Amino acid sequence: MPKFSEVIGQESVHRLLEGALERDRLPHAYIFHGSPGVGKTTTAFALAQRLNCLEATQGDPCGACSPCRKYERLQHPDLHWHFPMPASVKGGKRAEEIRKQLDERLEPGIFRFHFSTAASIAIGRDKDTRAGSVAELRHQAGMHSVEARTKVFVISEADRMTDAAANSLLKILEEPRPGNLLILCTSNPGALLDTILSRCQALRFRDLTEDEIVALLQEKLAEPPSKKEAQLAAALAQGSLSRATGLVEEEVVEQRDRAVRFLNLLPDSPESHLAVADLVAMKDRVLIERLFDFGDLWLGDVLRVLAGSSVPLANRDAEALVREHARSLTIPEIKRRMAVLKEARRALRGNVYLPLILRDVIEKLHDRTAIPVG
Amino acid sequence: MSYLVLARKYRPQLFEDVVGQAHVTRTLANAIEAERVAHAYLFCGPRGVGKTTAARILAKALNCAKGPSATPCNKCERCTEITDGRSFDVLEIDGASNRGIDEVRELRENTRYAAASGGYKVYIIDEVHMLTKEAFNALLKTLEEPPSHVIFVLATTDPFKLPATILSRVQRFDFARIATRDIAGHLKKLMKKEKIKADDDALALVARRAQGGLRDALSLMDQILSASEGKLDRPAVENLLGLVGEEFLFSLVDAIADQDAARTLSLLHETYTQGADLEEVAKGLTAHLRDLFILSVGSDLGDLVDASDTSLERYQEQTAKFNPETLSRLLDYAATASATLRRSENPRLTLELALADMARLSGLMPMSEIVERVLALEERLGGVPEASDSVAAKASPAKAKAAPAPKKAVTAPSAQPVRKKKDLELETPEPVVDRAPPKSVPVSAAQASSESSEAAPAGGAQKLTGTLWDACLESLKTKNIRLWGTLHGVKALIDEDSDSFQVKIGERQNALQREAFSDPKTVTLLESTLKEVGAPNPKVMLGDIQEGAVDPETKSPEDERGMGEVMKDEPIIQKVIDMFKGDVLP
Ligand SMILES: Nc1ncnc2c1ncn2[C@@H]1O[C@H](COP(=O)(O)OP(=O)(O)O)[C@@H](O)[C@H]1O
Ligand SMILES: [Mg+2]
Ligand SMILES: [Zn+2]
Ligand SMILES: [Zn+2]
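This one's a predicted model, so the numbers in the text were calculated from it and none came from an experiment. (Residues numbered from 1 in each chain as written. Chains lettered and ligands numbered in written order. Predicted model: local features only at pLDDT ≥ 70, side-chain atom pairs only at ≥ 80, totals over all residues. Heavy atoms only, no water.)

(A) Inspection of the nonpolar core at higher detail. Core analysis: the biggest nonpolar cluster contains 155 residues, and A:Tyr30, A:Phe262, A:Phe292, B:Tyr41 and B:Phe43 have the highest contact counts within it. The element best represented in this core is helix H14 (residues 285–306) of chain A, accounting for ten residues. One finds B:Ala282, B:Leu330, B:Ala516 and B:Phe517 within the second-largest nonpolar core, a separate group that totals 51 residues. (Core = buried A, V, L, I, M, F, W, Y, C linked by side-chain atoms within 4.5 Å. Buried < 20%, exposed > 50% of the residue type's maximum accessible area, 1.4 Å probe, protein only. Helix = DSSP H or I, 4+ residues; strand = E, 2+ residues; numbered from the N terminus.)

Right, here's the structure in full:
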C-alpha cells in the first residue's frame, strides 16, 4: 500500500515530486532526508510504483494493475532496496532477520507490506550497505530493467554506507543509464559525502507536528493510546511517528511522573535513597535515559512558562505543577539543570557505575552553585 | 522520458566555457598549442568545480580530428565519441569502483596498444583517491615509464590520499571553489537558455547555498525548476528549497532585541510546525547575527553581508538595536547552539533554551559598560585608581585568587543619590587587588583599550603587549577586514618568558573565531602583522597550548567560569549590579 496519500504531513515533498513528473523534470538521483519514521521510505516506494503504474496519471498509483500489485508485495523485479543488515546473520536466520528489519523499517503498525522471502528484490543482499551490496547495485544499474520503465534503487540509512561504498556510487549518481532512479534515504544528511550531496536533489521530509502524531496514533493503532499518553509520546518523539509508536507501548505517563519526582528529590534524603535503589534494581539503562528525556521535557515546559510563552506545553496534562515549579526556577538554572542531565546521559552511556550516576544527578540538580559540566 | 539534469545538459565542451578555472584552462590550452603536453596530470579541488569536465575537454583537445587543438571542434567523429563516452582511445575509469590492483594491471596492459585513431590514448582515472595502496604502486610503474602516446589524467577531491610517489610524477592543477558571483552569473546565463525568468536576488541565494560547487548550484536549480510556477524570486526559492526565510530571521532577532523570550518561542513553534528544519533555523540565525555583527563593527562593511542592496538598510536598522559586544555574544550563542544541535537529545529544547537565553542576554549589560560604570562610580565615591585596576584585573579569568587582598576601604560619603541600596554603606567592599604579576596575562582588545584609557595599570609590559595586540588588530583592518571583524575581542595570552605572543583560543571564543584559527593562512597573517607592529618573535598558537601557559597552581575554578560569573563575586560589582538592576553578561 505505498501511497502518497497514506503519508501524512509531507505534502510539500509530494507536490514537488508531482511537479517534477508533470514537467518531465524527474532527476536521476534524490536524497530523502528527515527524522526517522516520517514517510521517506513509503514515499520512495510510492514513487517507484507510480512511475510504473499502468493506470495512474496523477496522485497515487492505481494499486490494481499488474505492476502495482507486484510493488505492493515488494516483489517487483525492478525495485531494489538496500539497507544495512548485520553481517553475522546467515542462512535460515537471514530471512527472519530480514522480516524483522522490514517490520522495523515500514513504520510499525501503520504501513504494512506483504512480504515473501522469495521476493526478487535485493534486500541488503550483501552484508551491510557495504561495498559488496553497492557493487550489486552498480551491477543492476548497468542492466536493462526487466519490465519497468524506471528502475528504482532505494538505499535506506544511506549515511551508514562505508566510505568505499559511498565513493563507488559517485559515477552512477552522476551519470546513470537512462531509466534509473536512485533514492538515498537518511536521517543524517550531514554525514553524507559532499560529493554525493552535490549530485542529488535533497528533499527534506519535515517532522510531524505533535497534533498530527496524536491523531495518527489514535487513528491507526490497533490499541489506541489515551489522549494523555499520545500527547506525551508525541512530545517526546520529536516529529517521528515511528518513535512515537514505540513510546506509546511504554507507560509514558508513569515514566513522566517518576521523572518529575526524580527531578525534585532532596539529596541524601530517604526518598532519594529509595529512588536510586529502585532504579538500580531495574537495571535498565534505556529506561533511565528515558527518565532524563522526560526530565528535559519537563524543564523545557518550565522554561516556556517562565518565558511567558503561549506555546502549548508538552506536559499540558500537568500544567499546574509545571507552573508551580516555574515559580522557584530561573532560566539560567534551567540551563544548568539541562546540562546536568546531559552529562548524566553521557555517563550512562559511558557505563559509569549506576548508583554513582544517579546520586550525582540528584546532588547536582539541587546544588545551584555547582558548575555545570559539558 | 528520462530528463537530463542541468548539470549534465550543460557540461562545458570547451575550455572557454569552464567557469572560474582560468588559471587551469589557460595553462592547458597553452600547453596543447605549444605541443608540450605532460604525460600525467592531477586535477584536484572540491566537488563540482569542473575537474572531470576539464579532463574530458583535454582528451578531446588532444584527439580531435582537426587537432590537437585547444578548441576541439566537437563535431568530428572522434569528438562526439568522446562526448558520448564511446571512444576506445579515451577511457574514463571510475577509481572508486575499480580500485584494486587487478584493475590497474589490466589498464597497464591496455596502455600497450596504440590508439585506434593513431593519436593519443587518454586515461582519465576519476575519484582516484579510492585506489588501494597496491593499485597505486602498480599505477606508479606506468607513470614512471609511460608509453609516449599515453596521457593520464587523475582527478580527485581528496589529493591527500595519494602517495607522495604519485604526486611527484604528475603535473598538478588545483581547481578552485567557484565564487558566488560567478555561480550566479552562470545560472543567469543558463536560465536565459532555459527561457526561465529569475530574479538576480533569487539566483544569488541559490549560488550562496551551493558553497562554491557549480554542480551543487545546478542540482538546486533543478529542484527549484521541478516545482516552480511562474517567475523565480527570492521567497519562491526560500520556499522551494525549504530555507529559513529572511523575514522570519528579522522577526526572530527583533524579538531578541525586545527581550521578548515568549515571542522567540512562539516564532520558533510556528515555523517548526510549518515544517522548518531546526538545524536550518539555527544556521540561518547564526548567519544573520554574523551579518549584523559585521555591520556593527563597521557600517561600511555592507559588502561582506549576504544581503541585497534593498535589504541592507533593514540589516543596518536592526544592527542599531544592539551594541557590538552584545551582538558578538549573541552570535556566539547562536553558533554554539547551531553546532550542538545535531548531537542534542532534544534539538527543539536546545534551540528554545538558546533563544530564551539570548532574549535575556540582550537585556543584560555588556561587561565593558559595567566596568565603565563601576569606574565612574568609584570616581564619584572618591576611590583611588587601584580600585579600577582590581576590577580590570578581576575581569581577567586567568588570574590567581590565592593571596590575601590588601584592604582598601571605599570611603563612602553619606549622601550619594546614585546609591539606592543601604547595604553599600554597611558592608565595606574588599576588591582583590592584583598581587605579584602572574606569568601570563590575558588582555582582550576591548579591555586593553579600556585599561589604557583609564588609570595606569600595574605592569607596563602587560600593557605594552596588550597594545601590540590591539595594534595588530588595527592593522588587520586594512589587510583583511573580514578577519578583523571575526577576531574582534579575541583574548591574547602573552607568555613573557619566551617572549612569544600566544593567542588564546579557548572554549569561550565564539565558533567563528575558533574556525578562523584553524586556518593556517590566518595564523601566518597574524604572525606577520604582529611582527610589523613590533612584537618580538610573535607566535600565534592555538588550542590547548594556552592551558599550559596558565600556571596550573594558580588556575582556580574561576577559570572555568564565565567572566561574568567571576565578576559577580566581586562585591563592588555586585553592588553595581544591584544598583543598576542589571546582570553581568556571562
Ligand atoms: N567550472 C565549471 N564551469 C561550468 N560548469 C561547471 C563547472 N564546474 C562544474 N560545472 C557543472 O557541474 C557539472 C559537474 O562538473 P564536474 O566537472 O563533473 O565536477 P567535478 O569537479 O566534481 O569533477 C558539469 O557537468 C557542469 O554542468
Ligand atoms: Mg568529477
Ligand atoms: Zn497501477
Ligand atoms: Zn573534433
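From this point, the discussion proceeds with the structure in view.
(B) Main features of the domain arrangement of chain B. All names here are of chain B. One can read the domain layout of chain B as domain 1 (6–174), domain 2 (180–241), domain 3 (246–361) and domain 4 (380–563). Taking only C-alpha atoms into account, the centre of domain 1 sits 30 Å from that of domain 2. Facing the nine residues of domain 1 at the interface are 17 residues of domain 2. Counting the surface lost from both domain 1 and domain 2, the interface buries some 1,100 Å², and carbon and sulfur atoms represent 58% of this. Of all residues in domain 1, Leu-6, Tyr-10 and Arg-47 bury the most surface against domain 2, accounting for 55% of the area lost on that side. Linking Lys-9 and Glu-194 is a salt bridge whose minimum nitrogen-to-oxygen distance equals 2.6 Å. Run the count over domain 1 and domain 2 and you get seven residue pairs in polar contact (both at pLDDT 80 or more). For the side of domain 1 that touches domain 2, a count of residues per class yields five nonpolar, two polar and two charged. (Domains from an automatic or database assignment. Contact = heavy atoms within 4.5 Å. Buried area = accessible area lost by both parts, 1.4 Å probe. Salt bridge = Lys/Arg side-chain N within 4 Å of Asp/Glu carboxyl O. Polar contact = N/O pair within 3.5 Å; in protein donor to acceptor, adjacent residues only side chain to side chain. Nonpolar A, V, L, I, M, F, W, Y, C, P; charged D, E, K, R; others polar.)

(C) Main features of the UniProt feature "domain: AAA+ ATPase" (unreviewed entry) in chain B. Per the UniProt record, "domain: AAA+ ATPase" (unreviewed entry) is annotated on residues 37–177 of chain B. Along residues 37–177 of chain B the backbone is 34% helical and 19% strand, and the end-to-end C-alpha distance reaches 25 Å. (UniProt positions renumbered as here; feature names shortened; annotations may be inferred.)

(D) Inspection of the coordination of the zinc ion (ligand 3) at higher detail. Residue and element names in this part refer to chain A. Protein coordination at the zinc ion (ligand 3): the donors are Cys-53 (SG), Cys-62 (SG), Cys-65 (SG) and Cys-68 (SG), at 2.2 to 2.4 Å from the metal. Taken in chain order, the donor set of the zinc ion (ligand 3) reads C-x8-C-x2-C-x2-C. Linking Cys-53 in the loop between helix H2 (40–52) and helix H3 (66–72) with Cys-68 in helix H3, this pair joins segments that are 15 residues apart in sequence. (Donors = N, O, S within 2.8 Å, 3.2 Å for Na, K, Ca; no water.)

(E) Main features of the confidence of the model for chain B. Residue and element names in this part refer to chain B. Mean pLDDT over chain B stands at 76; residues scoring 70 or higher make up 68%. The element-level mean pLDDT for chain B is lowest in helix H20 (residues 423–426), coming to 35, with strand E1 (residues 40–44) highest at 96. Below pLDDT 50 for its whole length, residues 384–464 participates in 131 contacts with residues either more than four positions away or in separate chains. Interface confidence for the predicted complex, given as ipTM, is 0.86, next to a pTM of 0.75. (pLDDT = per-residue confidence, 0-100.)

(F) Quick look at the interface of chain B and chain A. Of the residues lining the interface, 58 residues belong to chain B; the matching set on chain A comes to 60 residues. Approximately 4,900 Å² of surface area, both sides summed, lies buried where chain B meets chain A, with 52% of it carried by carbon and sulfur atoms. If you sort the residues of chain B by the area they bury against chain A, B:Tyr3, B:Glu345 and B:Leu353 come out on top, with a joint share of 13%. Remark: the boundary between chain B and chain A carries 14 salt bridges. On the surface where chain B and chain A come into contact, there are 26 residue pairs in polar contact (both at pLDDT 80 or more). For the side of chain B that touches chain A, the residue count by class is 20 nonpolar, 16 polar and 22 charged.

(G) Layout of the site of ligand 1. In the vicinity of ligand 1 there are 20 residues, among which B:Ala7, B:Val19, B:Gly48, B:Thr52 and B:Thr53 approach most closely. Residue neighbours of ligand 1 fall on chains A and B, so the site bridges chains. A distance of 2.7 Å is found between a nitrogen atom of ligand 1 and a backbone nitrogen or oxygen belonging to B:Val19. Contact between ligand 1 and B:Lys51: an oxygen atom at 2.8 Å from a side-chain N or O atom of the residue. Surface burial for ligand 1 is 99%, taken as the share of its 550 Å² of free accessible area covered by protein chains. Of all the secondary-structure elements, those providing two or more residues to the shell around ligand 1 are helix H3 (51–63) and helix H10 (214–227) of chain B. By residue class, the composition of the shell around ligand 1 is nine nonpolar, five polar and six charged. A domain split of the shell around ligand 1 shows at least three residues from each of domain 1 (6–174) and domain 2 (180–241) of chain B. (Near = heavy atom within 4 Å. Areas by Shrake-Rupley, 256 points an atom, 1.4 Å probe, with all protein chains shown as cover.)

(H) Summary view of the side chain of B:Ser226. By the element assignment, B:Ser226 lies in helix H10. Of note is the side chain of B:Ser226, whose polar atom sits 2.9 Å from the backbone oxygen of B:Gln223. When neighbours within four sequence positions are excluded, B:Ser226 is seen to be in contact with A:Leu16, A:Gly19, A:Ala20, A:Arg23, A:Arg25 and A:Gln201.

(I) Structural view of the sheet that holds strand E5 (residues 171–174) of chain B. Residue and element names in this part refer to chain B. Across the sheet, five strands lie side by side as E2-E3-E4-E1-E5; this open sheet has parallel pairing. The strands lining the two open edges of the sheet, one partner per strand, are strand E2 (90–94) and E5. Each strand of the sheet is rotated relative to its neighbour by a mean of 15 degrees, with strand direction disregarded. Examined bridge by bridge, strand E3 (residues 121–126) and strand E4 (residues 150–156) share six bridges and lie parallel to one another. In the strand pairing of E4, Asp-126 is matched with Ala-155. Taken strand by strand, helix H2 (residues 22–33) contacts E1 and E5, and its axis lies near 145 degrees from that of E5. Helix H6 (residues 133–144) rests against E1, E3 and E4 of the sheet, and its axis sits at about 140 degrees to E4. (Pairing = 2+ DSSP bridges. Axes fitted to C-alpha atoms, helices over the stretch in contact; angles between N-to-C directions.)

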